[in-house]
Amino acid sequence: MPERVKVEVDGRALDLSNLDKVLFPEAGFTKGEVIDYYTRIAPVLLPHLADRALTRIRFPNGVTGGSFFEKNAPAATPTWVRTETLPVPGSSKGRETIDYVVADDLPTLVWLANLAALELHTPQWRIGTHPDLMVVDLDPGPPAGLSQCCRVAVLLRDRLALDGVTAYPKTSGKKGMQLCCPISATQDADVVSDYAKRIAQELEQAHPKLVVSRMAKNLRPGKVFIDWSQNNAAKTTVAPYSLRAQAVPAVSTPLTWDEVEAGAAGKRPSVKPYTAGEVLRRVEKSGDLLAPLLDGGPELPAVRARR
């Protein structure tokens, strides 16, 4: 193919480059295929990115080359790309700001894919609001794996349900999982993080051979670390349907609870990250399993108790 290709996406002119460049060498997956994936998954991905300050991880030389985190909008950002100047969470007195990119539309998503922004990460809050998501990361310490993560996910689901909180599972696209819970955007990040920590500690006390809630890595072997700190205002989580920098084009994939329960029972020993093609087929069949995240959720008990 030509080194550069001019295209029009929803009325926006874009120059795409090096479409034949292989970004996932083991799979032979090219930049053109990355752009194709993000274009086709956009109808279910964009609602999860809307109004969220976007952190990108770029791999200009592919997943086996160097990478870098990017929060600021790059110098050559087109004028039609939405940017928002926001204080950096946790900065001293809120004086430090970043010009964040906000991916609200398909042209912006294609532009980012052309920059080899393979991974897309978002905070749990939308611009101008308190967190509307609580996210718990499940990180297995070898020899524990996704099967153990599934067991902990079921335990977490059932515990959260006692407080009226509904959890939706997805793979991280790497070795672990995340549970995403829609909540009312009425509490600050500290309250959400405190609640998630309390639940993690409860499960660690009830299942000490399976669960750990403390961050020390020497405590993790053979257990699943429930990372409640993902709810810190400065933290981001990989977005649903984002690619991950693995040997193959793995995707952070929404799951059904039937799949998670099967994994917990050892009936699906091959529980693993899904690839781009597999995820497109799953969405074609089942739609967006995480669509309920967009509808909001309850106020956390920790907030009610403080009133």
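Residues numbered from 1 in each chain as written. Predicted model: local features only at pLDDT ≥ 70, side-chain atom pairs only at ≥ 80, totals over all residues. Heavy atoms only, no water.

**Student:** Which parts of the structure should I look at to understand the layout of surface pockets?
**Tutor:** Empty pockets left among the atoms are what a rolling probe the size of a water molecule brings to light. By volume, the largest pocket amounts to about 370 Å³. Forming the walls of the largest pocket are 17 residues, and the residues nearest its centre are His121, Asp137, Gln178, Gln230 and Arg244. Mapped by element, the contributors of at least two residues to the lining of the largest pocket are strand S10 (133–140) and strand S15 (237–238). In terms of residue count, S10 provides more of the lining of the largest pocket than any other element does, 3 residues in total. A class-by-class count of the residues in the lining of the largest pocket yields 4 nonpolar, 7 polar and 6 charged. (1 Å grid on protein atoms, 1.4 Å probe; cavity = no way out; pocket = protein on both sides within 12 Å on 5 of 7 lines; lining within 4 Å. Points joined across faces, edges and corners; volume = space filled by probe spheres on them. Helix = DSSP H or I, 4+ residues; strand = E, 2+ residues; numbered from the N terminus. Nonpolar A, V, L, I, M, F, W, Y, C, P; charged D, E, K, R; others polar.)

**Student:** In this structure, what is going on with the sheet that holds strand S14 (residues 224–227)? I would like to understand it.
**Tutor:** Strands pair in a sheet through their backbones, by hydrogen bonds, and they do so in one of two ways: parallel or antiparallel. As summarised here, the arrangement of the 5 strands in space is S11-S12-S10-S14-S13, forming an open sheet in which the pairing is mixed. What marks the edges here is a single partner per strand, and that holds for strand S11 (168–171) and strand S13 (211–212). Where S10 and strand S12 (residues 177–182) come together, 6 bridges link them in antiparallel fashion. In the sheet register, aspartate 137 faces S12, and the bridge partner there is glutamine 178. Packed on one face of the sheet, helix H3 (residues 146–162) meets S10, S12, S13 and S14 and runs near 20 degrees to S12. (Pairing = 2+ DSSP bridges. Contact = heavy atoms within 4.5 Å. Axes fitted to C-alpha atoms, helices over the stretch in contact; angles between N-to-C directions.)

**Student:** Just to check I follow, could you spell out the environment of threonine 122 for this structure?
**Tutor:** Along the chain, threonine 122 falls in strand S9 (residues 117–122). Using a relative accessible area of 6% as the deciding quantity, one classes threonine 122 as buried. Remark: the alpha-carbon pair of threonine 122 and lysine 235, spanning 113 residues in sequence, is separated by 8.3 Å. (Buried < 20%, exposed > 50% of the residue type's maximum accessible area, 1.4 Å probe, protein only.)

**Student:** Looking at this model, I keep getting lost on the side chain of threonine 77. Mind explaining?
**Tutor:** Locating threonine 77 in the fold gives a position in the loop between strand S6 (68–70) and strand S7 (83–87). Looking at threonine 77, its side chain comes within polar contact range of the main-chain oxygen of proline 74, at 2.6 Å. Those residues within four positions of threonine 77 in sequence are excluded, and the remaining contacts are Thr83 and Trp111. (Polar contact = N/O pair within 3.5 Å; in protein donor to acceptor, adjacent residues only side chain to side chain.)

**Student:** Where do I start with the packing of H3 against helix H5 (residues 257–264) in this structure?
**Tutor:** Each pair of packed helices gets described by two things: the angle between the helix axes and the distance between those axes. In the contact formed by H3 and H5, the axes pass within 7 Å of each other and the chain directions differ by 120 degrees. As far as their axial angle goes, H5 and H3 are oblique. The way H3 lies across H5 gives a crossing that is left-handed. Along the contact surface, H3 presents Ser147, Cys150, Arg151, Ala153, Val154 and Arg157, while H5 presents Trp257, Val260, Glu261, Gly263 and Ala264. (Parallel < 35°, antiparallel > 145°, perpendicular 65-115°, else oblique. Left-handed = near helix turned anticlockwise from the far one by under 90°.)

**Student:** Is there a simple way to think about helix H4 (residues 189–206) in this case?
**Tutor:** A turn of α-helix holds 3.6 residues, and therefore any two residues three or four places apart point the same way. Over its 18 residues, H4 extends 26 Å from the first C-alpha to the last, a length consistent with the 26 Å expected when each residue adds 1.5 Å. Residues Ala189, Val191, Val192, Ser193, Tyr195, Ala196, Ile199, Ala200, Leu203 and Glu204 constitute the buried set of H4. The N-terminus of H4 is capped by aspartate 188, whose side-chain oxygen sits 3.1 Å from the backbone nitrogen of aspartate 190. (Expected span 1.5 Å × (residues − 1).)

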